[in-house]
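The primary structure of each chain is shown beneath.
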Amino acid sequence: MWESLSLRTRLLLPLGLMFGAALLLGAFSLQIFAPTQLLEETEPAARAARSVAAALNGALQTSANPHATLDAFVQSLGTSEAIGFRRAGAETDVHPPTEVRTPLGRVPHWFVHLVEIPEVGATYPVTIEGMRVGNIVFAPDMSADIYEKWVGFLAIASSGIALMLLTGIIAHFVVRSALGPLQNLGDGLTRMRMGDYEHLIPATGPPEIRKSSLEANELAHTLRRLSQDNRSLLRRIVSLQDDERRDMARELHDELGPLLFGIRANTVALLEAIPPDKAELGSAAEGILQSVETLQQANRRILDRLRPLYIQELGLERSIQTLLQNAKAQARDLALTSEIDARLNAIDGLLSQTVYRVIQEAVTNVLRHARADSLHVRAAIEDRELVVEISDNGIGFPADPRLGRGLTGMLERVRALSGTLLLLREDGRTCVRCRLPAGDSVAAAATTET
Ligand SMILES: Nc1ncnc2c1ncn2[C@@H]1O[C@H](COP(=O)(O)OP(=O)(O)O)[C@@H](O)[C@H]1O
Ligand SMILES: [Mg+2]
(Lines give C-alpha, C1' and ligand atoms only; values in the text may rest on other atoms or scores of the structure.)
(Ligands and ions follow the chains in the order given, each with its own letter.)
Protein backbone atom coordinates (compact mmCIF):
# COMPACT_ATOMS: atom_id res chain seq x y z
CA MET A 1 0.00 0.00 0.00
CA TRP A 2 2.69 2.49 1.11
CA GLU A 3 4.83 1.39 -1.85
CA SER A 4 2.18 2.52 -4.32
CA LEU A 5 1.82 6.02 -2.83
CA SER A 6 3.35 8.94 -4.68
CA LEU A 7 6.05 11.02 -3.00
CA ARG A 8 3.59 13.90 -2.57
CA THR A 9 1.07 11.67 -0.76
CA ARG A 10 3.81 10.13 1.37
CA LEU A 11 4.73 13.58 2.60
CA LEU A 12 1.25 15.08 2.96
CA LEU A 13 -0.44 12.08 4.57
CA PRO A 14 1.69 11.97 7.77
CA LEU A 15 1.56 15.77 8.02
CA GLY A 16 -2.24 15.73 7.77
CA LEU A 17 -2.47 12.92 10.32
CA MET A 18 -0.16 14.84 12.64
CA PHE A 19 -2.29 17.98 12.51
CA GLY A 20 -5.48 15.96 12.94
CA ALA A 21 -3.97 14.29 16.02
CA ALA A 22 -2.91 17.68 17.41
CA LEU A 23 -6.48 19.00 17.04
CA LEU A 24 -7.91 15.92 18.73
CA LEU A 25 -5.38 16.27 21.55
CA GLY A 26 -6.40 19.95 21.96
CA ALA A 27 -10.07 19.01 22.21
CA PHE A 28 -9.24 16.25 24.65
CA SER A 29 -7.22 18.50 26.96
CA LEU A 30 -9.98 21.14 26.76
CA GLN A 31 -12.43 18.56 28.00
CA ILE A 32 -10.14 17.51 30.85
CA PHE A 33 -8.91 20.90 32.11
CA ALA A 34 -11.78 23.31 31.32
CA PRO A 35 -14.16 22.15 34.14
CA THR A 36 -11.49 22.49 36.86
CA GLN A 37 -10.53 25.89 35.54
CA LEU A 38 -14.16 27.05 35.48
CA LEU A 39 -14.60 25.84 39.05
CA GLU A 40 -11.54 27.73 40.19
CA GLU A 41 -12.63 30.89 38.42
CA THR A 42 -16.05 30.93 40.17
CA GLU A 43 -14.65 30.01 43.56
CA PRO A 44 -14.27 33.64 44.90
CA ALA A 45 -17.84 34.52 43.84
CA ALA A 46 -19.12 31.32 45.51
CA ARG A 47 -17.29 32.30 48.71
CA ALA A 48 -18.87 35.77 48.53
CA ALA A 49 -22.35 34.21 48.18
CA ARG A 50 -21.69 32.08 51.28
CA SER A 51 -20.61 35.14 53.25
CA VAL A 52 -23.65 37.10 52.08
CA ALA A 53 -25.91 34.26 53.28
CA ALA A 54 -24.13 34.12 56.64
CA ALA A 55 -24.32 37.92 57.06
CA LEU A 56 -27.99 37.97 56.13
CA ASN A 57 -28.83 35.18 58.58
CA GLY A 58 -26.94 37.10 61.30
CA ALA A 59 -28.78 40.34 60.53
CA LEU A 60 -32.15 38.61 60.50
CA GLN A 61 -31.48 37.03 63.91
CA THR A 62 -30.76 40.38 65.51
CA SER A 63 -33.33 42.39 63.60
CA ALA A 64 -36.55 43.51 65.32
CA ASN A 65 -38.48 43.14 62.11
CA PRO A 66 -36.67 40.40 60.22
CA HIS A 67 -39.24 40.26 57.37
CA ALA A 68 -38.83 43.97 56.65
CA THR A 69 -35.04 43.56 56.81
CA LEU A 70 -35.26 40.63 54.38
CA ASP A 71 -37.41 42.65 51.96
CA ALA A 72 -34.97 45.54 52.16
CA PHE A 73 -32.11 43.13 51.52
CA VAL A 74 -33.85 41.56 48.52
CA GLN A 75 -34.51 44.98 47.07
CA SER A 76 -30.95 46.08 47.62
CA LEU A 77 -29.75 42.89 45.90
CA GLY A 78 -31.48 44.21 42.78
CA THR A 79 -30.93 42.32 39.61
CA SER A 80 -27.46 41.00 40.41
CA GLU A 81 -27.18 37.94 38.24
CA ALA A 82 -24.74 35.77 40.13
CA ILE A 83 -26.23 36.07 43.62
CA GLY A 84 -29.99 36.16 44.10
CA PHE A 85 -32.64 35.35 46.63
CA ARG A 86 -35.44 32.86 46.08
CA ARG A 87 -38.26 32.50 48.53
CA ALA A 88 -39.04 29.05 49.91
CA GLY A 89 -41.16 27.02 47.50
CA ALA A 90 -39.70 28.67 44.39
CA GLU A 91 -37.51 26.66 42.04
CA THR A 92 -33.94 26.70 43.33
CA ASP A 93 -32.17 24.24 41.08
CA VAL A 94 -29.21 25.75 39.29
CA HIS A 95 -28.30 24.36 35.87
CA PRO A 96 -25.40 25.22 33.67
CA PRO A 97 -26.49 27.00 30.48
CA THR A 98 -27.25 24.80 27.47
CA GLU A 99 -27.15 27.59 24.95
CA VAL A 100 -24.66 30.42 24.84
CA ARG A 101 -25.10 33.43 22.61
CA THR A 102 -22.15 35.66 21.83
CA PRO A 103 -21.52 38.71 19.64
CA LEU A 104 -20.16 36.22 17.08
CA GLY A 105 -23.28 34.07 17.12
CA ARG A 106 -24.27 30.97 19.03
CA VAL A 107 -21.58 28.74 20.52
CA PRO A 108 -22.37 25.32 19.04
CA HIS A 109 -24.03 22.73 21.28
CA TRP A 110 -21.29 20.20 20.72
CA PHE A 111 -18.74 22.64 22.11
CA VAL A 112 -20.82 23.42 25.21
CA HIS A 113 -21.23 19.68 25.59
CA LEU A 114 -17.49 19.10 25.07
CA VAL A 115 -16.45 21.59 27.75
CA GLU A 116 -18.61 19.75 30.31
CA ILE A 117 -19.56 22.78 32.42
CA PRO A 118 -19.45 21.77 36.10
CA GLU A 119 -22.26 22.34 38.60
CA VAL A 120 -20.89 25.57 40.05
CA GLY A 121 -24.14 26.92 41.47
CA ALA A 122 -25.03 26.59 45.14
CA THR A 123 -27.89 27.50 47.50
CA TYR A 124 -27.55 28.71 51.09
CA PRO A 125 -30.69 28.61 53.34
CA VAL A 126 -31.98 31.84 54.91
CA THR A 127 -33.89 31.39 58.20
CA ILE A 128 -36.01 33.64 60.39
CA GLU A 129 -36.53 32.32 63.91
CA GLY A 130 -35.49 28.84 62.88
CA MET A 131 -37.92 28.82 59.91
CA ARG A 132 -36.45 28.53 56.43
CA VAL A 133 -37.87 31.42 54.42
CA GLY A 134 -35.79 31.07 51.29
CA ASN A 135 -32.32 30.61 49.83
CA ILE A 136 -29.45 32.74 48.74
CA VAL A 137 -28.83 31.30 45.28
CA PHE A 138 -25.44 31.50 43.67
CA ALA A 139 -25.88 30.99 39.92
CA PRO A 140 -22.99 32.56 38.01
CA ASP A 141 -23.49 33.22 34.29
CA MET A 142 -20.94 30.96 32.56
CA SER A 143 -21.64 32.34 29.09
CA ALA A 144 -18.66 34.69 29.18
CA ASP A 145 -16.30 31.87 30.24
CA ILE A 146 -17.64 29.48 27.61
CA TYR A 147 -17.39 32.23 25.06
CA GLU A 148 -13.78 32.81 26.06
CA LYS A 149 -13.00 29.08 25.71
CA TRP A 150 -14.82 29.00 22.38
CA VAL A 151 -12.79 31.91 21.01
CA GLY A 152 -9.61 30.25 22.29
CA PHE A 153 -10.60 26.99 20.64
CA LEU A 154 -11.41 28.76 17.36
CA ALA A 155 -8.05 30.56 17.43
CA ILE A 156 -6.12 27.33 18.02
CA ALA A 157 -8.10 25.35 15.43
CA SER A 158 -7.90 28.02 12.75
CA SER A 159 -4.20 28.64 13.28
CA GLY A 160 -3.71 24.84 13.19
CA ILE A 161 -5.59 24.61 9.90
CA ALA A 162 -3.75 27.61 8.47
CA LEU A 163 -0.44 26.07 9.52
CA MET A 164 -1.46 22.77 7.97
CA LEU A 165 -2.38 24.44 4.68
CA LEU A 166 0.88 26.37 4.70
CA THR A 167 2.91 23.21 5.39
CA GLY A 168 0.98 21.41 2.66
CA ILE A 169 1.73 24.16 0.14
CA ILE A 170 5.42 24.21 1.12
CA ALA A 171 5.60 20.38 0.87
CA HIS A 172 3.88 20.55 -2.53
CA PHE A 173 6.44 23.01 -3.92
CA VAL A 174 9.41 21.21 -2.37
CA VAL A 175 8.26 17.92 -3.88
CA ARG A 176 7.65 19.59 -7.24
CA SER A 177 11.11 21.12 -7.24
CA ALA A 178 12.59 17.67 -6.52
CA LEU A 179 10.34 15.68 -8.85
CA GLY A 180 11.07 17.80 -11.96
CA PRO A 181 14.83 17.12 -11.87
CA LEU A 182 14.17 13.46 -10.96
CA GLN A 183 11.93 13.18 -14.02
CA ASN A 184 14.72 14.73 -16.13
CA LEU A 185 17.17 12.22 -14.69
CA GLY A 186 14.82 9.31 -15.53
CA ASP A 187 14.26 10.62 -19.08
CA GLY A 188 18.00 11.03 -19.54
CA LEU A 189 18.68 7.45 -18.41
CA THR A 190 15.99 6.18 -20.80
CA ARG A 191 17.63 8.13 -23.64
CA MET A 192 20.94 6.53 -22.71
CA ARG A 193 19.36 3.09 -22.79
CA MET A 194 18.15 3.85 -26.32
CA GLY A 195 21.72 4.75 -27.30
CA ASP A 196 21.40 8.55 -27.28
CA TYR A 197 24.46 9.87 -25.45
CA GLU A 198 24.40 13.35 -26.94
CA HIS A 199 21.65 15.07 -24.93
CA LEU A 200 22.96 15.85 -21.47
CA ILE A 201 20.70 15.82 -18.42
CA PRO A 202 20.22 19.34 -17.01
CA ALA A 203 21.84 19.46 -13.57
CA THR A 204 19.08 21.21 -11.61
CA GLY A 205 17.20 20.71 -8.35
CA PRO A 206 18.54 19.85 -4.90
CA PRO A 207 22.27 19.03 -4.62
CA GLU A 208 21.68 15.27 -4.22
CA ILE A 209 19.77 15.05 -7.50
CA ARG A 210 22.15 17.49 -9.19
CA LYS A 211 25.04 15.21 -8.25
CA SER A 212 23.24 12.15 -9.66
CA SER A 213 22.51 14.06 -12.90
CA LEU A 214 26.17 15.05 -13.24
CA GLU A 215 27.25 11.46 -12.64
CA ALA A 216 24.73 10.19 -15.20
CA ASN A 217 26.18 12.70 -17.68
CA GLU A 218 29.66 11.34 -16.95
CA LEU A 219 28.31 7.86 -17.57
CA ALA A 220 26.85 9.03 -20.90
CA HIS A 221 30.25 10.46 -21.77
CA THR A 222 31.98 7.14 -21.02
CA LEU A 223 29.32 5.16 -22.87
CA ARG A 224 29.64 7.46 -25.88
CA ARG A 225 33.39 6.89 -25.96
CA LEU A 226 32.95 3.13 -25.58
CA SER A 227 30.33 2.98 -28.31
CA GLN A 228 32.58 5.01 -30.61
CA ASP A 229 35.43 2.58 -29.88
CA ASN A 230 33.07 -0.28 -30.46
CA ARG A 231 31.90 1.14 -33.74
CA SER A 232 35.39 1.76 -35.02
CA LEU A 233 36.37 -1.76 -34.01
CA LEU A 234 33.37 -3.09 -35.92
CA ARG A 235 34.35 -0.99 -38.92
CA ARG A 236 37.82 -2.46 -38.77
CA ILE A 237 36.44 -5.98 -38.50
CA VAL A 238 34.11 -5.39 -41.42
CA SER A 239 36.75 -3.86 -43.63
CA LEU A 240 39.25 -6.57 -42.66
CA GLN A 241 36.61 -9.12 -43.60
CA ASP A 242 36.10 -7.37 -46.92
CA ASP A 243 39.88 -7.25 -47.53
CA GLU A 244 40.16 -10.93 -46.74
CA ARG A 245 37.25 -11.74 -49.03
CA ARG A 246 38.79 -9.68 -51.79
CA ASP A 247 42.11 -11.49 -51.38
CA MET A 248 40.38 -14.86 -51.40
CA ALA A 249 38.35 -13.87 -54.45
CA ARG A 250 41.56 -12.84 -56.21
CA GLU A 251 43.24 -16.13 -55.34
CA LEU A 252 40.22 -18.09 -56.57
CA HIS A 253 39.97 -16.03 -59.71
CA ASP A 254 43.66 -15.80 -60.56
CA GLU A 255 44.86 -19.20 -59.36
CA LEU A 256 41.94 -21.59 -59.47
CA GLY A 257 40.27 -20.07 -62.57
CA PRO A 258 43.16 -20.66 -65.02
CA LEU A 259 43.83 -24.11 -63.53
CA LEU A 260 40.21 -25.17 -64.04
CA PHE A 261 40.28 -23.68 -67.51
CA GLY A 262 43.47 -25.65 -68.26
CA ILE A 263 41.93 -28.91 -67.05
CA ARG A 264 38.83 -28.27 -69.12
CA ALA A 265 40.80 -27.44 -72.30
CA ASN A 266 43.02 -30.48 -71.85
CA THR A 267 40.04 -32.74 -71.21
CA VAL A 268 38.36 -31.47 -74.38
CA ALA A 269 41.61 -32.16 -76.31
CA LEU A 270 41.77 -35.61 -74.69
CA LEU A 271 38.18 -36.34 -75.66
CA GLU A 272 38.90 -35.42 -79.23
CA ALA A 273 42.03 -37.61 -79.26
CA ILE A 274 40.40 -40.73 -77.82
CA PRO A 275 39.72 -43.22 -80.61
CA PRO A 276 36.08 -44.21 -81.00
CA ASP A 277 36.74 -47.84 -79.99
CA LYS A 278 37.93 -46.73 -76.50
CA ALA A 279 34.45 -45.90 -75.29
CA GLU A 280 35.22 -46.38 -71.60
CA LEU A 281 38.08 -43.85 -71.83
CA GLY A 282 35.69 -41.49 -73.58
CA SER A 283 33.07 -41.68 -70.87
CA ALA A 284 35.74 -41.19 -68.14
CA ALA A 285 36.92 -38.05 -69.92
CA GLU A 286 33.28 -36.88 -70.24
CA GLY A 287 32.97 -37.37 -66.45
CA ILE A 288 36.04 -35.22 -65.84
CA LEU A 289 34.65 -32.55 -68.15
CA GLN A 290 31.35 -32.45 -66.33
CA SER A 291 33.04 -32.26 -62.91
CA VAL A 292 35.27 -29.43 -64.12
CA GLU A 293 32.29 -27.50 -65.42
CA THR A 294 30.49 -27.96 -62.11
CA LEU A 295 33.63 -26.80 -60.32
CA GLN A 296 33.85 -23.73 -62.56
CA GLN A 297 30.23 -22.86 -61.83
CA ALA A 298 30.81 -23.32 -58.11
CA ASN A 299 33.93 -21.14 -58.38
CA ARG A 300 31.88 -18.42 -60.07
CA ARG A 301 29.19 -18.62 -57.43
CA ILE A 302 31.71 -18.39 -54.62
CA LEU A 303 33.34 -15.45 -56.39
CA ASP A 304 29.97 -13.72 -56.71
CA ARG A 305 29.32 -14.13 -53.01
CA LEU A 306 32.78 -13.11 -51.96
CA ARG A 307 33.01 -9.83 -53.76
CA PRO A 308 30.50 -7.27 -55.00
CA LEU A 309 32.52 -7.06 -58.11
CA TYR A 310 30.77 -4.32 -59.87
CA ILE A 311 29.93 -1.64 -57.32
CA GLN A 312 32.73 0.69 -58.32
CA GLU A 313 32.38 0.06 -62.02
CA LEU A 314 28.59 -0.15 -62.30
CA GLY A 315 27.41 1.92 -59.38
CA LEU A 316 25.41 0.54 -56.45
CA GLU A 317 22.02 0.56 -58.14
CA ARG A 318 23.16 -1.51 -61.14
CA SER A 319 25.13 -3.85 -58.89
CA ILE A 320 21.99 -4.56 -56.86
CA GLN A 321 19.97 -5.09 -60.05
CA THR A 322 22.59 -7.60 -61.25
CA LEU A 323 22.46 -9.34 -57.88
CA LEU A 324 18.67 -9.60 -58.14
CA GLN A 325 18.85 -10.92 -61.71
CA ASN A 326 21.19 -13.68 -60.53
CA ALA A 327 18.79 -14.50 -57.70
CA LYS A 328 15.90 -14.65 -60.16
CA ALA A 329 17.94 -17.01 -62.35
CA GLN A 330 18.37 -19.32 -59.34
CA ALA A 331 14.67 -19.38 -58.42
CA ARG A 332 12.51 -19.13 -61.50
CA ASP A 333 9.21 -19.57 -59.64
CA LEU A 334 9.88 -16.63 -57.35
CA ALA A 335 8.02 -13.39 -58.18
CA LEU A 336 10.79 -10.87 -57.57
CA THR A 337 9.94 -7.17 -57.53
CA SER A 338 12.19 -4.27 -56.59
CA GLU A 339 12.32 -0.51 -56.09
CA ILE A 340 15.94 0.58 -56.18
CA ASP A 341 16.55 4.31 -55.95
CA ALA A 342 18.81 5.46 -58.81
CA ARG A 343 20.31 8.03 -56.45
CA LEU A 344 22.07 5.15 -54.66
CA ASN A 345 24.81 5.49 -57.30
CA ALA A 346 25.99 8.55 -55.39
CA ILE A 347 27.08 6.23 -52.59
CA ASP A 348 30.39 4.46 -52.40
CA GLY A 349 32.85 3.07 -49.89
CA LEU A 350 31.77 1.15 -46.80
CA LEU A 351 28.18 2.42 -47.01
CA SER A 352 27.61 1.03 -50.51
CA GLN A 353 29.26 -2.28 -49.58
CA THR A 354 27.04 -2.53 -46.51
CA VAL A 355 23.85 -1.94 -48.53
CA TYR A 356 24.97 -4.49 -51.08
CA ARG A 357 25.91 -7.10 -48.46
CA VAL A 358 22.67 -6.65 -46.51
CA ILE A 359 20.59 -7.18 -49.65
CA GLN A 360 22.80 -10.05 -50.78
CA GLU A 361 22.54 -11.91 -47.46
CA ALA A 362 18.82 -11.25 -47.00
CA VAL A 363 17.98 -12.39 -50.54
CA THR A 364 20.13 -15.52 -50.12
CA ASN A 365 18.27 -16.25 -46.89
CA VAL A 366 14.91 -15.95 -48.65
CA LEU A 367 16.06 -18.38 -51.35
CA ARG A 368 17.46 -20.78 -48.75
CA HIS A 369 15.02 -20.66 -45.83
CA ALA A 370 11.81 -18.80 -46.60
CA ARG A 371 9.97 -21.10 -49.02
CA ALA A 372 8.43 -17.93 -50.41
CA ASP A 373 6.88 -17.28 -53.82
CA SER A 374 7.18 -13.52 -53.71
CA LEU A 375 10.15 -11.35 -52.79
CA HIS A 376 10.30 -7.57 -52.72
CA VAL A 377 13.47 -5.52 -52.36
CA ARG A 378 13.43 -1.80 -51.70
CA ALA A 379 16.39 0.53 -51.28
CA ALA A 380 15.84 4.28 -51.02
CA ILE A 381 17.23 7.48 -49.61
CA GLU A 382 14.75 9.06 -47.21
CA ASP A 383 15.72 12.38 -45.67
CA ARG A 384 19.16 11.72 -44.29
CA GLU A 385 18.71 7.96 -44.11
CA LEU A 386 19.24 5.00 -46.35
CA VAL A 387 16.39 2.53 -45.99
CA VAL A 388 16.80 -1.03 -47.20
CA GLU A 389 13.92 -3.47 -46.95
CA ILE A 390 13.76 -7.09 -48.07
CA SER A 391 10.42 -8.80 -47.58
CA ASP A 392 9.00 -12.20 -48.51
CA ASN A 393 5.74 -14.06 -48.02
CA GLY A 394 7.42 -17.23 -46.76
CA ILE A 395 7.26 -19.19 -43.53
CA GLY A 396 8.78 -16.47 -41.36
CA PHE A 397 11.62 -16.55 -38.86
CA PRO A 398 11.61 -19.51 -36.47
CA ALA A 399 9.97 -18.98 -33.07
CA ASP A 400 13.40 -18.83 -31.40
CA PRO A 401 15.41 -17.03 -34.05
CA ARG A 402 19.10 -17.81 -33.88
CA LEU A 403 21.44 -15.45 -35.63
CA GLY A 404 23.66 -17.44 -37.95
CA ARG A 405 26.78 -16.15 -39.61
CA GLY A 406 24.74 -14.29 -42.21
CA LEU A 407 22.51 -12.25 -39.89
CA THR A 408 25.37 -11.67 -37.44
CA GLY A 409 27.59 -10.31 -40.21
CA MET A 410 24.70 -8.12 -41.37
CA LEU A 411 24.19 -6.78 -37.86
CA GLU A 412 27.89 -6.05 -37.40
CA ARG A 413 28.07 -4.14 -40.66
CA VAL A 414 24.98 -2.10 -39.84
CA ARG A 415 26.20 -1.32 -36.32
CA ALA A 416 29.58 -0.26 -37.63
CA LEU A 417 27.77 2.50 -39.51
CA SER A 418 25.51 3.43 -36.54
CA GLY A 419 22.47 2.00 -38.31
CA THR A 420 19.61 -0.17 -37.12
CA LEU A 421 18.51 -3.60 -38.27
CA LEU A 422 15.04 -5.01 -37.60
CA LEU A 423 13.70 -8.47 -38.32
CA LEU A 424 9.90 -8.24 -38.49
CA ARG A 425 6.79 -10.09 -39.44
CA GLU A 426 4.29 -7.59 -40.90
CA ASP A 427 1.02 -8.28 -42.74
CA GLY A 428 1.98 -11.89 -43.36
CA ARG A 429 5.41 -10.97 -44.72
CA THR A 430 8.85 -11.55 -43.27
CA CYS A 431 10.79 -8.34 -43.41
CA VAL A 432 14.41 -7.36 -42.87
CA ARG A 433 14.53 -3.58 -42.45
CA CYS A 434 17.77 -1.71 -42.22
CA ARG A 435 18.27 2.01 -41.71
CA LEU A 436 21.65 3.64 -42.17
CA PRO A 437 22.62 7.27 -41.65
CA ALA A 438 23.26 8.51 -45.17
CA GLY A 439 25.95 11.03 -44.31
CA ASP A 440 26.08 14.61 -45.56
CA SER A 441 27.52 13.97 -49.00
CA VAL A 442 24.85 11.40 -49.91
CA ALA A 443 22.01 13.50 -48.57
CA ALA A 444 23.34 16.52 -50.50
CA ALA A 445 23.76 14.49 -53.71
CA ALA A 446 20.26 13.06 -53.29
CA THR A 447 18.69 16.50 -52.87
CA THR A 448 20.49 18.03 -55.87
CA GLU A 449 19.30 15.19 -58.09
CA THR A 450 15.63 15.60 -57.16
N1 LIG B 1 13.63 -14.81 -44.89
C2 LIG B 1 13.66 -15.76 -43.93
N3 LIG B 1 12.57 -16.54 -43.72
C4 LIG B 1 12.59 -17.50 -42.77
N5 LIG B 1 13.65 -17.76 -41.94
C6 LIG B 1 14.76 -17.02 -42.11
C7 LIG B 1 14.84 -15.98 -43.09
N8 LIG B 1 16.05 -15.41 -42.99
C9 LIG B 1 16.70 -16.06 -42.04
N10 LIG B 1 15.94 -17.02 -41.49
C11 LIG B 1 16.28 -17.92 -40.37
O12 LIG B 1 17.32 -17.30 -39.63
C13 LIG B 1 18.40 -18.21 -39.47
C14 LIG B 1 19.71 -17.46 -39.46
O15 LIG B 1 20.06 -16.93 -40.73
P16 LIG B 1 21.55 -16.61 -41.07
O17 LIG B 1 22.12 -15.83 -39.93
O18 LIG B 1 21.60 -15.96 -42.40
O19 LIG B 1 22.26 -17.99 -41.07
P20 LIG B 1 22.21 -19.14 -42.20
O21 LIG B 1 21.58 -18.53 -43.41
O22 LIG B 1 23.63 -19.47 -42.42
O23 LIG B 1 21.41 -20.25 -41.61
C24 LIG B 1 18.26 -19.16 -40.61
O25 LIG B 1 18.79 -20.40 -40.32
C26 LIG B 1 16.77 -19.25 -40.80
O27 LIG B 1 16.24 -20.21 -39.93
MG1 LIG C 1 22.10 -16.79 -44.31
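About the cut-offs
Residues numbered from 1 in each chain as written. Chains lettered and ligands numbered in written order. Predicted model: local features only at pLDDT ≥ 70, side-chain atom pairs only at ≥ 80, totals over all residues. Heavy atoms only, no water. Helix = DSSP H or I, 4+ residues; strand = E, 2+ residues; numbered from the N terminus. Rg over C-alpha atoms; globule rule 2.2 N^0.38 Å. Contact = heavy atoms within 4.5 Å. Lys, Arg positive; Asp, Glu negative; His and termini not counted. Charge placed at Lys NZ, Arg CZ, Asp CG, Glu CD. Domains from an automatic or database assignment. Buried area = accessible area lost by both parts, 1.4 Å probe. Salt bridge = Lys/Arg side-chain N within 4 Å of Asp/Glu carboxyl O. Polar contact = N/O pair within 3.5 Å; in protein donor to acceptor, adjacent residues only side chain to side chain. Nonpolar A, V, L, I, M, F, W, Y, C, P; charged D, E, K, R; others polar. Pairing = 2+ DSSP bridges. Axes fitted to C-alpha atoms, helices over the stretch in contact; angles between N-to-C directions. Donors = N, O, S within 2.8 Å, 3.2 Å for Na, K, Ca; no water. Buried < 20%, exposed > 50% of the residue type's maximum accessible area, 1.4 Å probe, protein only. Expected span 1.5 Å × (residues − 1).

A.B. asks: What should I look at first to understand the overall build of the chain in this one?
C.D. replies: Across its full length, the chain holds 11 helices and 10 strands. Here the chain has a C-alpha radius of gyration of 53 Å; the compact-globule value for 450 residues is 22 Å, and the former is much larger. For the chain, the C-alpha atoms occupy an extent of roughly 185 × 40 × 35 Å along the three principal directions. Of the contacts formed within the chain by residues at least 6 apart in sequence, a portion of 68% connects residues at least 24 apart. Here the chain holds 46 positive side-chain charges and 54 negative ones, and the gap between their average locations is 4 Å.

A.B. asks: Would you take a moment to explain the domain arrangement of the chain for this structure?
C.D. replies: A common measure of how large an interface is: the accessible area buried when the components associate. Annotation of the chain at the domain level lists domain 1 (2–171), domain 2 (195–307) and domain 3 (311–450). Facing 12 residues of domain 2, the contacting portion of domain 3 comprises 13 residues. When the buried surface of domain 2 facing domain 3 is broken down by residue, Leu234, Val238 and Arg305 rank first, second and third, together holding 40% of it. In this structure, Arg413 and Asp242 form a salt bridge, with 3.0 Å as the shortest nitrogen-oxygen distance. At the boundary of domain 2 with domain 3, the tally comes to 4 residue pairs in polar contact (both at pLDDT 80 or more). Put simply, the parts of the chain that give the side of domain 2 that touches domain 3 at least two residues each are α5 (207–273) and α6 (279–306). Its residues placed into classes, the side of domain 2 that touches domain 3 shows 4 nonpolar, 1 polar and 7 charged.

A.B. asks: Quick question: what am I supposed to make of the sheet that holds strand β4 (residues 122–128) here?
C.D. replies: Remark on secondary structure: sheet strands pair via backbone hydrogen bonds, oriented parallel or antiparallel. One open sheet accounts for 3 strands, arranged β1-β5-β4; its pairing is antiparallel. Each edge of the open sheet carries a strand with a single partner, namely β1 (83–87) and β4. On average, adjacent strands in this sheet sit at an angle of 30° to one another, irrespective of strand direction. By the bridge criterion, 5 bridges tie β1 to strand β5 (residues 131–138) in an arrangement that is antiparallel.

A.B. asks: What should I look at first to understand the pattern of salt bridges in this one?
C.D. replies: Where charged atoms of side chains with opposite charge meet at close range, the side chains can pair. In this structure the tally under the stated criterion is 14 salt bridges. For Glu43, the salt bridge is made with Arg47, and the minimal N-O distance between the two is 3.8 Å. Remark: Arg47 and Glu43 occur in helix α1 (residues 7–62); sequence separation between them is 4 residues, near one turn of the helix. Two residues, Asp243 and Arg246, come together in a salt bridge whose shortest N-O distance is 3.4 Å. Taken together, the positions of Asp243 and Arg246, both in helix α5 and 3 residues apart, correspond to about one turn of that helix. Linked by salt bridges that have partners in common, Glu389, Glu426 and Arg433 make up one network.

A.B. asks: What is the right way to read the coordination of the magnesium ion (ligand 2) from this model?
C.D. replies: Four donors placed tetrahedrally about a metal ideally form angles of 109.5 degrees, and six donors placed octahedrally ideally form angles of 90 or 180 degrees. Within the protein, the magnesium ion (ligand 2) binds to Glu361 (OE) and Asn365 (OD1); these donor distances fall in the range 2.1 to 2.2 Å. One end of the pair, Glu361, and the other, Asn365, are both in helix α9 (residues 349–370), 4 residues apart, so they sit about a helical turn from each other. For the pair formed by Glu361 and Asn365, the shared burial category is buried.

A.B. asks: Help me understand the sheet that holds strand β10 (residues 429–437) in this model?
C.D. replies: Pairing in this open sheet of 5 strands is mixed, and the strands run β6-β7-β8-β10-β9 from one edge to the other. Single-partner strands in this sheet number two, and they are β6 (335–340) and β9 (420–426). Looking at each pair of strands side by side, their axes are set apart by 10° on average, direction ignored. Pairing of strand β8 (residues 385–392) with β10, which is carried by 8 bridges, proceeds in the antiparallel orientation. When the sheet's bridge partners are listed, Asp392 is paired in β10 with Thr430. Each of β9 and β10 is contacted by helix α10 (residues 405–416), which is oriented at about 130° to β9, the strand it contacts most.

A.B. asks: Please explain α9 as it appears in this structure.
C.D. replies: Helical periodicity: at 3.6 residues per turn, an α-helix aligns residues three or four positions apart in one direction. Its 22 residues give α9 an end-to-end C-alpha distance of 31 Å, which sits within 8% of 32 Å, the value for a rise of 1.5 Å per residue. For α9, the tally of buried residues reaches 16 of 22 residues, placing the bulk of the element in the interior. Looking one or two residues past α9, Arg371 carries a phi angle of roughly 50°, positive in sign.

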